[in-house]
Structures are given as structure tokens and as C-alpha cells.
Amino acid sequence: MDIQIIPIDESKKKAPPTDFAFGSNFSNHMFTHNYSVEKGWHDGKIEPYKMLTLDPATTVLHYSQEIFEGTKAYRRKDGKINLFRPWENAKRFNSSAARMSMPAVDVEDHVQAIVSLVEMDHDWVPSKEGATLYIRPTMIGTDPFLGVRASSTYLHYIITGPVGNYYEGGLAPVSVLISDDYRRAAPGPGGTGAAKTGGNYAASILADEAAKKAGYTQVLWLDGKTGVNIEEVGTMNIMFVYEGKKIVTPQLTGSILPGITRDSLLTLAPDLGYEVEETTLNVNDMLADVASGKITEAFGCGTAVVIAPVGNFGYQGKDVQVGSGGVGEVSRRLFDELTGIQFGRKEDKYGWIHTLDPK
Ligand SMILES: *Cc1c(COP(=O)(O)O)cnc(C)c1O
């Protein structure tokens, strides 16, 4: 793909911040790419970060025809930059697009756009311990039309911004409310739970607020059909450690988002001597196994946090502590291994890393 480069004026150039909250600072440039039925994808561009101008009738603003991705660029000790499995994100973007009746973006073009954008703003990839450059590809339906149908025009864009180490003081446990009142996604494959689309998030916010009001930091989602099977936690996949040696996670049912962190941990763990299993996990069985001490650890996993250990679960007015309530040994080991590969401190046996050396 030809990408037209329009650099920002030197006078408008911002310097990267030195301390960063998640999702509130953005780098100098963005990638944009337009789609129409007649021309297909065209006008790939890297240009100064800018406001979007949209007609108030635009499809995405009314009917949420929108998808997104989340991946990161990691600063290595030698100054080079690692991307982690960017092709997997580009492929998942297209699976989400298919579910939302949106056009696919050529996977190679998408990775090329990410690479070019990160190279353009390479000085925004932080060197601070644990900090990264977060990369957010997005696609929206842009027809200025109130009829309910797939848009015929789309904007695909990518923005980036530095994000700090999620755990400034080291890994810390979260408290999780098991939601009995709200469901995240309708049963798959008919539902949208496996697609990374804004609508799923919009529907989850009320449950998240209810959990916070009740003193918890995250919601555990049960399946939409029976309300007894464990699906995800917050916007992460979830894993349980049995007796310190077996890692169990809900199998992908179509309503669970197929996380790249989840897949990476399932690949890594056997090489570290753990058994892994993808299965149906009943919430009452899980709570009984936590109470009896059979489950020694539980954690959420996703690109933003990598691993979020669960300290306790609340369900139907009762609380149960997981293991010691602190950060378990397996959680810590998996966190160290995966971030070690991502930052280039550990050998990548799996071909996950794509190294850039922008000057
Ligand atoms: C993005 C996401 C995840 C985690 O996926 P990763 O590829 O590991 O970042 C899990 N659940 C939901 C609902 C998500 O949107």
C-alpha cells in the first residue's frame, strides 16, 4: 500500500509526556484510510493528529457500526522497538469487521500502517520501566444517512499514545463482583461477544458502575443463556490455577472475546511446566474450589494490564478470598515471562515479536 506522509509542522510538534495516564495522551500523528464501495480502501495517509469532522447523521453515531483493536509497542534495552503479534490483531480486526458488516482491511496493509505510524512517532515509545506505546486501530461507518443498513463508506484510523506501567508498585490484586444482574453478550455464535465492538462496551458500563458502587474493581461475566458459566472478567479473559500447577480457562464459545494474551499464555504455560485446559467453568463449582483451596490463583489477562490477579470474588452477598488474597506465584511467573518476551528481555521462541529499528 502507498501511504502518503504528511508530517506535523515543527512548530506544532508536541514532546512526549514524562508521566502518562492510560488513554489520555496521544502522539503527533495518526493513520487514516477511507473506504467506498466504488474505490475500495484508498488514500492511506499518515498525517497530524486531528479532530474528525462528521455529519450529525453519520451511521456510527446512531447505530454503532464500529470496531477497534488494542496492541502495544515496547521499547527494548538496545533502543529498538518490539511489536507483539500485530498480524493477530489485524486478523481479529477483520473478524470483528465481518460480524459488524464492515469491509475487511488487508492484513499486510494494516500491519504496514501500524509499523509506519510507530516509526513516524518512534520517540513516543517510552523508555520508562514497564511503559509502552498503546496502539488503537478503529473503523467507523461514515455514511451521513439515518436509514438502518450497513454504511457504504468507512473510515479506518489508527491513533497511538504512551501508557505507563499499569502496576507502578508491582502486580496488585483486584476484587471482582460476579454479576447476577447483567450479561455482557448473547450466546455465540449468533451474538457479538467475540467481536471487539464499542456496543459491547457500552452495554457493560452500567454493570461496571454497580460493581464499583459495591466496592469492587471489576465485574465477572456469566454466560447470557444459563447465567452459570464463567466467561470473562471486565474487558479481560479469565484464568484459574488449580493446585499451583494446572491453568484452566473458559473455552471460546462465540460469546467470549478470543484474546491474544489468552492465546499467548496458553501457548507459554506448558513450556513452563503447567498443564492447561479450556473447558466450561460453572460458577458454583469455581467458588467451591476457591473456598476449598483447590483453586490457588485466579487472574484476568489482556493487552492493557497483561495479568490482573484476583484477590477475592463477591457473589450473591458472600465474599470468598482466592488463595492468600495476594499475588500468586503462577500469576507473577506468567507476567514476568510474557512481559519479558514483549520487551525483548527473554527469548521469543514463538515468532511473536516484530522488531523495528527506526532512526
Ligand atoms: C480486547 C479484549 C480482551 C483481551 O484481548 P487481548 O487480545 O488479550 O488484549 C478480552 N476481552 C474483551 C471483551 C476484550 O475486548
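As a starting point, this report considers the structure included with it.

Rules used throughout
- Residues numbered from 1 in each chain as written.
- Predicted model: local features only at pLDDT ≥ 70, side-chain atom pairs only at ≥ 80, totals over all residues.
- Heavy atoms only, no water.
- Near = heavy atom within 4 Å.
- Polar contact = N/O pair within 3.5 Å; in protein donor to acceptor, adjacent residues only side chain to side chain.
- Areas by Shrake-Rupley, 256 points an atom, 1.4 Å probe, with all protein chains shown as cover.
- Helix = DSSP H or I, 4+ residues; strand = E, 2+ residues; numbered from the N terminus.
- Axes fitted to C-alpha atoms, helices over the stretch in contact; angles between N-to-C directions.
- Parallel < 35°, antiparallel > 145°, perpendicular 65-115°, else oblique.
- Left-handed = near helix turned anticlockwise from the far one by under 90°.
- Contact = heavy atoms within 4.5 Å.
- Buried < 20%, exposed > 50% of the residue type's maximum accessible area, 1.4 Å probe, protein only.
- Arc of directions from axis to C-beta.
- Phe/Tyr/Trp six-rings, centres within 6.5 Å; stacked < 30°, edge-to-face > 60°.
- Right-handed = clockwise from strand over helix to strand, strands pointing away.
- Pairing = 2+ DSSP bridges.
- Core = buried A, V, L, I, M, F, W, Y, C linked by side-chain atoms within 4.5 Å.
- Salt bridge = Lys/Arg side-chain N within 4 Å of Asp/Glu carboxyl O.

**Overview of the site of the ligand**
Line of reasoning, step 1. The environment of the ligand is formed by 14 residues, the closest being K196, Y201, E232, T261 and T303.
Line of reasoning, step 2. One of the side-chain nitrogen or oxygen atoms of E232 is found 2.5 Å away from a nitrogen atom of the ligand.
Line of reasoning, step 3. One of the backbone nitrogen or oxygen atoms of T235 is found 3.3 Å away from a nitrogen atom of the ligand.
Line of reasoning, step 4. Contact with the protein chains covers 96% of the free accessible surface of the ligand, which is 380 Å².
Line of reasoning, step 5. Within the residue set of the shell around the ligand, elements represented by two or more residues are β12 (236-242) and α5 (260-271).

**A few points about the packing of helix α2 (residues 86-99) against helix α3 (residues 107-120)**
Line of reasoning, step 1. Across the interface, α2 lies against α3 with an axial gap of 9 Å and an inter-helix angle of 125°. The pairing of α2 with α3 is recorded here as oblique in orientation. The handedness of the crossing between α2 and α3 comes out as right-handed. The segment α2 lies against α3, with P86, W87, A90, K91, F93 and N94 engaging V107, E108, H110 and V111.

**Structural notes on helix α6 (residues 283-292)**
Count 3.6 residues to each turn of an α-helix, and residues three or four apart come out pointing the same way.
Line of reasoning, step 1. Listing the buried residues of α6 in full gives V283, M286, L287, D289 and V290. End-on, the buried residues of α6 take up no more than an arc of 160°, which puts them together on one face. Along α6, exposed side chains directed more than 90 degrees from the buried face belong to A291 and S292.
Line of reasoning, step 2. Phi turns positive, to about 90°, at G293, one or two residues after α6.

**Focus: the packing of aromatic side chains**
Line of reasoning, step 1. Counting across every chain of the model gives nine aromatic pairs.
Line of reasoning, step 2. With 5.1 Å between their ring centres and 80° between their planes, Y74 and F343 make a pair best called edge-to-face. Here the residue Y74 occupies a position in strand β5 (residues 71-75), and F343 occupies one in the loop between α7 (329-342) and β18 (353-356), the gap between them amounting to 269 residues. Taken as a pair, Y74 and F343 share a single burial class, namely buried.
Line of reasoning, step 3. With a centroid separation of 5.6 Å and an interplanar angle of 75°, the aromatic rings of F84 and W352 are classed as edge-to-face. Of this pair, F84 sits in strand β6 (residues 81-84) while W352 is found in the loop between α7 and β18, placing the two residues 268 residues apart along the sequence.

**A short note on the pairing of strand β10 (residues 218-222)**
Line of reasoning, step 1. Counted residue by residue, β10 has five buried out of five residues, so it is predominantly covered.
Line of reasoning, step 2. Read from strand β9 (residues 174-178) through helix α4 (residues 198-213) to β10, the crossover connection turns out right-handed.
Line of reasoning, step 3. Bridge count for β10 against strand β11 (residues 230-233) is three bridges, and the pairing is antiparallel. Directly across from L222, in β11, lies its bridge partner I230.

**A word on the nonpolar core**
It is characteristic of soluble globular proteins that their nonpolar side chains tend to be buried jointly.
Line of reasoning, step 1. The biggest cluster of nonpolar side chains holds 51 residues, and the ones touching the most others in it are I178, I230, F240, L265, M286, F313 and L334.
Line of reasoning, step 2. If near-sequence neighbours (up to four positions away) are discounted, F313 is found in contact with V176, I178, L220, I238, F240, M286, L287, A298, K318, D319, V320 and V322.
Line of reasoning, step 3. Ranked by size, the runner-up nonpolar core spans 19 residues in total, among them L83, I114, I158 and L356.

**With respect to the pattern of salt bridges**
Line of reasoning, step 1. Within the structure shown, the criterion is met by 14 salt bridges.
Line of reasoning, step 2. Measuring nitrogen to oxygen at the nearest pair gives 3.6 Å for the salt bridge that ties K13 to E10.
Line of reasoning, step 3. The exposure class of K13 is partly exposed, given its relative accessible area of 41%.
Line of reasoning, step 4. Residue classification places E10 among the exposed positions, given a relative accessible area of 63%.
Line of reasoning, step 5. For the salt bridge of E88 with K91, the shortest nitrogen-to-oxygen distance reads 3.4 Å. With E88 and K91 both in helix α2, this residue pair falls three residues apart, about one helical turn.
Line of reasoning, step 6. Here E88 falls in the partly exposed class, since its relative accessible area comes to 30%.
Line of reasoning, step 7. The class of K91 is partly exposed, set by a relative accessible area of 44%.

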